[in-house]
Amino acid sequence: MRNKLYKKLSLLCLSVMLAVAVFPPNILVYGASGNGTSIYEDVREVTDRSVVLTRGNYLNYGTVTLTQIDIMKIRITGDTAAHRVCDKLGLGLYLEQSSDGDNYTNYRYWKFSKENDSFFWKGLELIVPRGYWYRLAGGHVAIVGDDGESTSTLTKGLYVH
């Protein structure tokens, strides 16, 4: 009885592996071109997370995400997470624009903060011109008293068409 179950499970696993090998899933690789821009122009979302590698006293990680949700509409989100409740958490979102996908300039920026918390998230939806590459940088800060820690994030390029 047990052997039949293992044979059926093995056959199922083998069938799935064969199907994936013959019909690979539609997976997009970000930043494979090596120049900080996705090799695919149809990518709809790019993200970056910076985790503080050595356990800090306050800051745990920061994340930014840039998503195209419509023809000329993008969503930008960022969060800052701390190990403990901090006096102030800060989040800076810096949207950059490029016509060639290599040379970016500052397009717009926003700065937000929250007091007496250990997690802070902010999201915005924007209408931007088509035919440009965009990327999102983030600055993440956790402050307790006169002491603080920070980290930064930067997504790959996203072509808005």
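In short, a report on the structure. If you're wondering where the values come from, they're calculated on a predicted model, not measured in any experiment. (Residues numbered from 1 in each chain as written. Predicted model: local features only at pLDDT ≥ 70, side-chain atom pairs only at ≥ 80, totals over all residues. Heavy atoms only, no water.)

Moving on: the overall build of the protein chain. Secondary structure assignment for the protein chain yields 1 helix and 7 strands. Secondary structure of the protein chain in N-to-C order comes out as α-β-β-β-β-β-β-β. Here the protein chain, with 161 residues, has 37% of them falling under the buried criterion. Taking as baseline every contact in the protein chain between residues at least 6 positions apart, the subset at least 24 positions apart corresponds to 60%. Only carbon and sulfur atoms are counted for the fraction: they give 53% of the accessible area of the protein chain, which is about 10000 Å². (Helix = DSSP H or I, 4+ residues; strand = E, 2+ residues; numbered from the N terminus. Buried < 20%, exposed > 50% of the residue type's maximum accessible area, 1.4 Å probe, protein only. Contact = heavy atoms within 4.5 Å. Areas by Shrake-Rupley, 256 points an atom, 1.4 Å probe, with all protein chains shown as cover.)

Core analysis: the biggest nonpolar cluster contains 24 residues, and Leu 66, Ile 74, Ile 76 and Leu 95 have the highest contact counts within it. The dominant element in this core, judged by the number of residues it contributes, is strand β3 (residues 73–98), at 8 residues. (Core = buried A, V, L, I, M, F, W, Y, C linked by side-chain atoms within 4.5 Å.)

Together, Ile 71, Met 72 and Ile 127 make up a nonpolar patch on the protein surface, roughly 300 Å² of accessible area in all. Checked against the element boundaries, Met 72 lands in the loop between β2 (59–68) and β3. The exposure class assigned to Met 72 is partly exposed, which follows from its relative accessible area of 37%. (Patch = residues over 30% accessible without salt bridge, like charges linked within 9 Å, V, L, I, M, F, W, Y side chains within 5 Å. Salt bridge = Lys/Arg side-chain N within 4 Å of Asp/Glu carboxyl O.)

In this section: the packing of aromatic side chains. All told, the structure shown has 3 aromatic pairs when counted by the stated rule. A ring pair is formed by Tyr 107 and Tyr 134, whose centres lie 5.8 Å apart and whose planes are at 70°; its orientation type is edge-to-face. Within this pair, whereas Tyr 107 is found in strand β4 (residues 105–127), its partner Tyr 134 is found in strand β5 (residues 132–144), the two being separated by 27 residues in sequence. Measuring from ring centre to ring centre gives 5.1 Å for Trp 133 and Tyr 159, while their planes differ by 55°; the resulting arrangement is tilted. Of this pair, Trp 133 sits in strand β5 while Tyr 159 sits in strand β7 (residues 158–160), and the two are 26 residues apart along the sequence. For Arg 49, the ring lying beneath its charged end belongs to Tyr 61, and the centroid distance is 4.0 Å. (Phe/Tyr/Trp six-rings, centres within 6.5 Å; stacked < 30°, edge-to-face > 60°. Lys NZ or Arg CZ within 6 Å of the ring centre and 35° of its normal.)

Moving on, we get to the side chain of Glu 96. Here Glu 96 is to be found in strand β3. Within the local environment of Glu 96, its side chain forms a polar contact with the side chain of Arg 135, the two groups lying 2.5 Å apart. Setting aside residues up to four positions removed in sequence, Glu 96 forms contacts with Tyr 104, Thr 105, Asn 106, Tyr 107, Trp 133, Tyr 134, Arg 135 and Leu 154. (Polar contact = N/O pair within 3.5 Å; in protein donor to acceptor, adjacent residues only side chain to side chain.)

All told, the structure shown has 4 salt bridges when counted by the stated rule. Two residues, Glu 96 and Arg 135, come together in a salt bridge whose shortest N-O distance is 2.5 Å. Taken as a pair, Glu 96 in strand β3 and Arg 135 in strand β5 lie far apart in primary sequence, 39 residues in all. Judged by relative accessible area, Glu 96 falls into the buried class, the value being 17%. Here Lys 114 and Asp 117 are joined by a salt bridge, their closest N and O atoms 2.8 Å apart.

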